[in-house]
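Chain residues, written in single-letter form:
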Amino acid sequence: MQATPLAAPNARPATALLLAAGRGERMRPLTDSTPKPLLRVQGKPLMQWPMEALGQGGVSSLVINTDWLGTQISDFFGANFQASTAAAPMQLHYSQEGRDFGGALETAGGIVRALPALDEVFWVAAGDVYAPQFRFSEASRQRFAQSGQWAHLWLVPNPPHNPRGDFGLSSDGLALNLAKDSGLPLYTFSTIALYRRQFFAPPVCDIPCGNPQGVRAALAPMLRHAMDLGRVSASLYTGPWTDVGTPERLAALNAT
């Protein structure tokens with residue numbers, strides 16, 4: 001199935017993408033009638049937490065990808081979002097994977113689909129991750145832009161549901177593609193990252209920009225390939241962080 005390309009916004013290219021296309025199978029029955037990113041945490045939609053943080057960090061244009069019940073998300077937030085009275089309104093643009101391809105494109109496929117609307121360097125965050133103290137600072141984005149790396153990941157200490165971790169971290173700040181039995185520390189990928197468009201091109205990614213064919217592709221194999229090339233840096237984030245993947249984790253956040 002092929003859809004028309006995702007057009008770049010009229011304003012300057014977006015500097016962030018928020019992933020909100022997941023079905024939320026493990027959250028059922030809560031997600032049978034509500035998309036997971038709109039489930040409430042501490043009185044507001046889960047995805048609103050990273051949206052506020054992105055806006056407070058200076059992001060003025062945000063792409064949101066959607067699939068399951070995606071029109072609820074676009075109907076709720078509309079075309080503009082203001083993170084706070086001190087922040088300028090943020091333009092919102094939607095990459096509607098469910099409408100265009102009949103389903104979500106997985107993480108890498110969804111990012112490549114949104115590339116035409118994204119800047120050369122951009123943030124990616126997940127609409128189902130709660131990290132209320134993380135700061136999407138423009139200084140971090142500029143520092144990464146000057147680094148020459150293709151991606152920068154924020155890793156977190158391993159939560160109970162991922163005790164063996166995902167990636168290693170070198171003493172000089174490189175993300176490492178380590179085997180689980182390497183004996184070296186591994187950390188969990190928080191889903192928060194900065195990317196350069198070059199990451200989503202050969203030799204790491206062979207999906208055409210804009211993903212016109214709707215190719216579904218996972219991100220982890222591409223990250224591991226780029227790590228083997230020494231092109232992924234990382235930082236360890238130790239603030240509050242929850243992957244809100246089950247009703248129990250959602251309930252625990254709302255009980256605090």
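Everything numeric in this text was worked out from a predicted model, so none of it was measured.

**Q** Looking at this structure, I do not really get the overall build of the chain. What am I missing?
**A** Scanning the chain from terminus to terminus reveals 7 helices and 14 strands. Here the chain has a C-alpha radius of gyration of 17 Å; the compact-globule value for 256 residues is 18 Å, and the two agree. Of all 256 residues assigned to the chain, the portion counted as buried reaches 54%. Across the chain, the fraction of contacts at a sequence separation of at least 24, relative to all contacts at a separation of at least 6, is 76%. Just so you have it, the chain exposes about 11,100 Å², and 53% of that area is on carbon and sulfur atoms. Looking at the chain, you have 20 positive and 19 negative side-chain charges, and the mean spots of the two groups are 3 Å apart.

**Q** When you look at the packing of aromatic side chains in this model, what are you seeing that I'm missing?
**A** Two aromatic rings are characterised by how far apart their centres lie and by the angle between their planes. Applying the stated criterion across every chain yields a total of 15 aromatic pairs. A ring pair is formed by Phe-76 and Phe-77, whose centres lie 4.8 Å apart and whose planes are at 70°; its orientation type is edge-to-face. Given the relative accessible area of 43%, Phe-76 is considered partly exposed. Ring geometry for Phe-134 versus Phe-136: centroids 4.8 Å apart, planes at 70°, classification edge-to-face. Relative accessible area serves as the criterion here: at 3%, Phe-134 is assigned to the buried category. For Lys-44, the ring lying beneath its charged end belongs to Trp-49, and the centroid distance is 4.1 Å. Above the ring of Phe-144, the side-chain terminus of Arg-196 is found at 5.2 Å from the ring centroid.

**Q** Help me out: how do you make sense of the confidence of the model for the chain in this one?
**A** In regions of low pLDDT, the predicted coordinates are not meant to be interpreted in detail. For the chain, per-residue confidence averages 91 on the pLDDT scale, and residues scoring 70 or more make up 95% of the total. Note on residues 1–5: pLDDT is under 50 here. Beyond four places in sequence and across chains, it has 16 contacts.

Thresholds, definitions, all that
- Residues numbered from 1 in each chain as written.
- Predicted model: local features only at pLDDT ≥ 70, side-chain atom pairs only at ≥ 80, totals over all residues.
- Heavy atoms only, no water.
- Helix = DSSP H or I, 4+ residues; strand = E, 2+ residues; numbered from the N terminus.
- Rg over C-alpha atoms; globule rule 2.2 N^0.38 Å.
- Buried < 20%, exposed > 50% of the residue type's maximum accessible area, 1.4 Å probe, protein only.
- Contact = heavy atoms within 4.5 Å.
- Areas by Shrake-Rupley, 256 points an atom, 1.4 Å probe, with all protein chains shown as cover.
- Lys, Arg positive; Asp, Glu negative; His and termini not counted.
- Charge placed at Lys NZ, Arg CZ, Asp CG, Glu CD.
- Phe/Tyr/Trp six-rings, centres within 6.5 Å; stacked < 30°, edge-to-face > 60°.
- Lys NZ or Arg CZ within 6 Å of the ring centre and 35° of its normal.
- pLDDT = per-residue confidence, 0-100.

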